[in-house]
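Structure assessment
These are the residues of each chain, in order.
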There are 2 protein chains.
Amino acid sequence: VIYLNGNSLGALSLNVPERMADVVAREWGNGLVGSWDSNGWWDAPVRVGDRIGRLVGAAPGGVVVTDSTTVNVFKLATAARRMRPDRHRIVVDPRDFPTDRYVANAVAEGNVATTLDRDTAVVVSSHVDYASGVMKDMAAVTAEAHDAGALVLWDLSHSVGAVPLDLDGADVDLAVGCTYKYLSGGPGSPAFCYVASRLQRELDSPIPGWVGHARPFEMESGYEPDAGVRRLLTGTPSILALAALDAALDVFDGVSIDDLRAKSVALGELFIELVDERLGDTGVVVGSPREASRRGSHVSLVHPSAGKVVDALCERGVIVDFRRPDVARFGFAPLYIRFVDVWDAVDHLAAVLVSA
Amino acid sequence: VIYLNGNSLGALSLNVPERMADVVAREWGNGLVGSWDSNGWWDAPVRVGDRIGRLVGAAPGGVVVTDSTTVNVFKLATAARRMRPDRHRIVVDPRDFPTDRYVANAVAEGNVATTLDRDTAVVVSSHVDYASGVMKDMAAVTAEAHDAGALVLWDLSHSVGAVPLDLDGADVDLAVGCTYKYLSGGPGSPAFCYVASRLQRELDSPIPGWVGHARPFEMESGYEPDAGVRRLLTGTPSILALAALDAALDVFDGVSIDDLRAKSVALGELFIELVDERLGDTGVVVGSPREASRRGSHVSLVHPSAGKVVDALCERGVIVDFRRPDVARFGFAPLYIRFVDVWDAVDHLAAVLVSA
């Protein structure tokens, strides 16, 4: 199998099965309810959050792992609106991933726009676009939003673990991301939230769950959120899912994101070069930016029969995915995709297109 | 170990480790992204939901597994308010579990009340109280709310898997529950939502995630929720957590809830009888109803030094839990607690109280 779909579901890391067996049998089976303390379950969302923080340029205490990306966009977009109560609009790209658009629209009660103005409360934007692979200039977009008095909420789902990020350095306000793509946290692994330290104390989550309380076990009548990023926790976190993600992150230890990015760019460049050389007359068009600096870690090819092409590749063991109506995404997870995989994938693609 | 805390975190079922190893290595590791179809991941929230449906008296299509109890209370309480737009209040018991109170208060924007009237949009109530173990009369409370024109949202966290429930039969509107207590789904396992079939089409979730869309892979510009209970799905569900829960539910196959309830009642009766007989002069008071029909599956003892008593029991291998300020909860998970465990636990309790 040539797995070019790590941008949708990352591959299993070799150390994950053992860690899962241990958390199930020893921590849960033997440790029982005491593992909330003795095996660090209670602190897992912030401990694992800090590990992700290193990969996104956030100091410890900036990131917490919780809920799904969808729920996190909801919490942070709502909180952002509350921080700009005199402004009514949310800016969102109409080509952005559906959940971001649907939730932005719901939170803004229909008041979404495509351009920034003095009525914009928050800009919700994917850093790397799920379809085209376009990577935005995070620092520039953030500065532009700030100049207009708005906040920015970045969705890092297609960035984290593949491209360098510097949330603190770019003065980003809020961010979310999923962990089952380049981070290989497992199917439906929990998502994360980032909140700039300067905003944490005023951030008012719309879902004041007991786990985000300053003193959760006091069972107080009033709600006082945790002073830090824990306030974005809602209900009891899934420890099994967190354990898989935690183990998957071990693979990133000692790996520089710049090295990963260099590998990712080289894989993408080779792919585009081979597509140009060998598939020029097959009707395939490169749908992603050709400049590596404007592209994430996947390359989209546009073809009128993209769905059939993806199916035929799959039968040959080349796993990529199809995004309606006409896009085939080739994801290059830099930790485990090799140059020979790219070469072989284009061989298969050429064979498929000839018979298409 | 005598584990009387299955009402907080259910014990590990013997078949779960093997199922987890299989979902990790075979479904994720080998099946990769294709497992969303080939291994039924995409349908897991409704498939596992239907298994829970059998335990709560809901026909297939009434229950979906998703998110945490907290997030589900938020979604359903908000949706309930939207179904009663002319009413402003949410009724919630000030002694109820914190998350229900905090979220009800947030959703009602502070307009919470303790008594039902014509301004009540929804009554949010635990069926079995987390502290006292008091079990409410579901059909009667539901009918009373309906008579006042309000909806009811039941929290079944301390009921499901231990007491008989008949949501469809009691004409319940909405319910949520957690799955890591009597269902033994694992630490932080995903929660569930129930929506009466008569309300499903009008239910308007405040978090319109892409997974709850009628046609999620069409990536449409507008949001159209799934026609059924799937509309309560938000982001990508955690498959590893769902697999543990699914395996845990195997243990309930072929088991009648009435038999479980009979065992649970007998365990509780024995416990109270032994406490009365042997601990009458130790300052311990039974804080739960003595009538089995008004009690769930745990018995709370009240003692001024409850915290110390719980710690001392723990050192002796009797695991119960402490709820501030003065409650020790003894949970009798009827699937795996034996009468001898109750007997031995009271022996230890007597020894601890003598030296307290």
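It should be noted that the structure appears before, not after, this text.
Residues numbered from 1 in each chain as written. Chains lettered and ligands numbered in written order. Predicted model: local features only at pLDDT ≥ 70, side-chain atom pairs only at ≥ 80, totals over all residues. Heavy atoms only, no water.

Some thoughts on the sheet that holds strand S12 (residues 321-323) of chain A
Residues and elements named next belong to chain A. Judged by pairing direction, the sheet is antiparallel, and its 4 strands sit side by side in the order S9-S10-S13-S12 without closing on themselves. A single partner strand is all that each edge strand has here, and the edge strands are strand S9 (285-286) and S12. As paired strands, S12 and strand S13 (residues 327-331) are joined by 3 bridges and run antiparallel to one another. Bridge assignment links Asp321 to a residue of S13, and that residue is Arg329. (Pairing = 2+ DSSP bridges. Helix = DSSP H or I, 4+ residues; strand = E, 2+ residues; numbered from the N terminus.)

A word on the state of the cysteines
Residue and element names in this part refer to chain B. Going through the model one piece at a time under the given rule, you end up with 0 disulfides over all chains. A disulfide-free cysteine, Cys193 has its sulfur positioned 13 Å from the sulfur of Cys178, the nearest such atom. Relative accessible area serves as the criterion here: at 0%, Cys193 is assigned to the buried category. (Disulfide = S-S within 2.5 Å. Buried < 20%, exposed > 50% of the residue type's maximum accessible area, 1.4 Å probe, protein only.)

Notes on the layout of surface pockets
Empty space within the second largest pocket amounts to approximately 1000 Å³. When residues of the lining of the second largest pocket are traced back to their parent elements, those giving at least two are helix H4 (69-83), helix H5 (98-107), helix H9 (306-315) and S12 of chain A together with helix H2 (35-38) of chain B. Residue composition of the lining of the second largest pocket, grouped by class: 22 nonpolar, 16 polar and 11 charged. (1 Å grid on protein atoms, 1.4 Å probe; cavity = no way out; pocket = protein on both sides within 12 Å on 5 of 7 lines; lining within 4 Å. Points joined across faces, edges and corners; volume = space filled by probe spheres on them. Nonpolar A, V, L, I, M, F, W, Y, C, P; charged D, E, K, R; others polar.)

Re empty space enclosed by the protein
All names here are of chain B. Here the structure, examined in full by the defined rule, presents 4 cavities of 30 Å³ or more. Mapped onto the lining of the largest cavity, the elements with two or more residues apiece are helix H1 (16-30), helix H3 (44-56) and helix H7 (239-250). Tallied by class, the residues present in the lining of the largest cavity amount to 7 nonpolar, 2 polar and 4 charged.

Some thoughts on the relation of the copies chain A and chain B
By a simple turn and slide, chain A fits onto chain B: the slide is 0.0 Å along the axis, the RMSD is 0.0 Å, and the turn is 180 degrees. The superposition of one copy onto the other is thereby described by a two-fold rotation axis. Residue Ala241 of chain A of chain A places its C-alpha closer to the rotation axis than any other residue of that unit, at 3.0 Å. A high fraction, 100%, of the interface residues of chain A reappear at the interface in chain B, so the copies pair face to face through one surface. (Least-squares fit on C-alpha atoms with pLDDT ≥ 70 in both. Contact = heavy atoms within 4.5 Å.)

Let's talk about the interface of chain A and chain B
A common way to express how large an interface is: the accessible area buried when the components associate. Each side of the interface is counted separately: chain A has 63 residues, and chain B has 63 residues. Between chain A and chain B lies a buried interface of about 5000 Å² when both sides are counted; carbon and sulfur atoms form 73% of it. Run the count over chain A and chain B and you get 2 salt bridges. Among the ionic pairs, Glu218 of chain A bridges to Arg324 of chain B, the shortest N-O distance being 3.5 Å. At the boundary of chain A and chain B, one finds 22 residue pairs in polar contact (both at pLDDT 80 or more). (Buried area = accessible area lost by both parts, 1.4 Å probe. Salt bridge = Lys/Arg side-chain N within 4 Å of Asp/Glu carboxyl O. Polar contact = N/O pair within 3.5 Å; in protein donor to acceptor, adjacent residues only side chain to side chain.)

Brief notes about the side chain of Asp321 of chain B
Residue and element names in this part refer to chain B. Here Asp321 lies in strand S12 (residues 321-323). Residue classification places Asp321 among the buried positions, given a relative accessible area of 8%. What Asp321 contacts, discounting residues up to four positions off in sequence, is Asn5, Ser8, Val310, Val327, Ala328 and Arg329.

Brief notes about the packing of helix H8 (residues 257-279) of chain A against helix H10 (residues 339-354) of chain A
All names here are of chain A. Contact geometry for H8 and H10: axes closest at 10 Å, N-to-C directions at 30 degrees. With respect to H10, the axis of H8 lies roughly parallel. Judged by the sense of rotation from one axis to the other, the crossing of H8 with H10 is right-handed. Across the interface between the two elements, Lys263, Ala266, Leu267, Leu270, Phe271, Leu274, Arg278 and Leu279 of H8 pack against Phe339, Val342, Trp343, Val346, Asp347, Leu349, Ala350 and Leu353 of H10. Among the residues forming the contact of H8 with H10, the class breakdown is 13 nonpolar, no polar and 3 charged. (Axes fitted to C-alpha atoms, helices over the stretch in contact; angles between N-to-C directions. Parallel < 35°, antiparallel > 145°, perpendicular 65-115°, else oblique. Left-handed = near helix turned anticlockwise from the far one by under 90°.)

Observations regarding helix H5 (residues 98-107) of chain B
Three- or four-residue spacings in an α-helix give side chains the same orientation, since the helix completes a turn every 3.6 residues. Residues and elements named next belong to chain B. The element H5 is largely enclosed, with a buried count of 8 among its 10 residues. Among the residues of H5, those classed as buried are Pro98, Thr99, Asp100, Arg101, Tyr102, Val103, Ala104 and Val107. At its buried positions, H5 is contacted by helix H4 (69-83), strand S3 (89-92), strand S4 (112-113), strand S5 (120-126) and strand S6 (151-155). One or two steps after H5, the chain reaches Glu109, where phi turns positive at roughly 50 degrees.

Details of the pairing of strand S10 (residues 298-302) of chain B
Residues and elements named next belong to chain B. For S10, a buried count of 4 out of 5 residues is recorded, marking the element as mostly surrounded by other parts of the structure. Here strand S9 (residues 285-286) pairs with S10 via 2 bridges, running antiparallel. The residue bridging Val285 from the neighbouring strand is Val302, located in S10. Looking at chain direction, S10 and strand S13 (residues 327-331) are connected through 5 bridges and run antiparallel. In the sheet register, Val302 faces S13, and the bridge partner there is Val327.

Topic: the packing of aromatic side chains
This structure, assessed with the given rule, holds 21 aromatic pairs over all chains. Arranged with centres 5.8 Å apart and planes meeting at 50 degrees, the rings of Trp42 of chain B and Trp210 of chain B form a pair that is tilted. Note that Trp42 of chain B is positioned in the loop between H2 and H3 and Trp210 of chain B in the loop between strand S8 (192-195) and H7, a separation of 168 residues in sequence. Comparing Trp42 of chain B with Trp210 of chain B shows no difference in burial state: the two are buried. A network of ring pairs unites the aromatic residues Trp36, Trp41, Trp42, Trp210 and Phe217 of chain A together with Phe97 and Tyr130 of chain B as a single cluster. The ring centre of Phe339 of chain A lies 5.9 Å from the NZ or CZ of Lys263 of chain A, which sits over that ring. (Phe/Tyr/Trp six-rings, centres within 6.5 Å; stacked < 30°, edge-to-face > 60°. Lys NZ or Arg CZ within 6 Å of the ring centre and 35° of its normal.)

Brief notes about the environment of Ala196 of chain B
Residues and elements named next belong to chain B. In this fold, Ala196 is placed in the loop between S8 and H7. Separated by 66 residues in sequence, Ala196 and Tyr130 place their C-alpha atoms 25 Å apart. What Ala196 contacts, discounting residues up to four positions off in sequence, is Val172 and Asp173.

Side note on helix H7 (residues 239-250) of chain A
Spanning 12 residues, H7 of chain A covers 17 Å between terminal C-alpha atoms, matching the ideal 16 Å at 1.5 Å per step. When you tally the buried positions in H7 of chain A, you get 11 out of 12 residues, the bulk of the element. Along H7 of chain A, the positions that sit buried rather than exposed are Ile239, Leu240, Ala241, Leu242, Ala243, Ala244, Leu245, Asp246, Ala247, Ala248 and Leu249 of chain A. For H7 of chain A, the elements touching its buried residues are helix H1 (16-30), helix H2 (35-38), helix H3 (44-56) and strand S2 (63-65) of chain A together with H1 and H7 of chain B. For H7 of chain A, the side-chain oxygen to backbone nitrogen distance between the N-cap and Ala241 of chain A is 3.4 Å, and the N-cap itself is Ser238 of chain A. (Expected span 1.5 Å × (residues − 1).)

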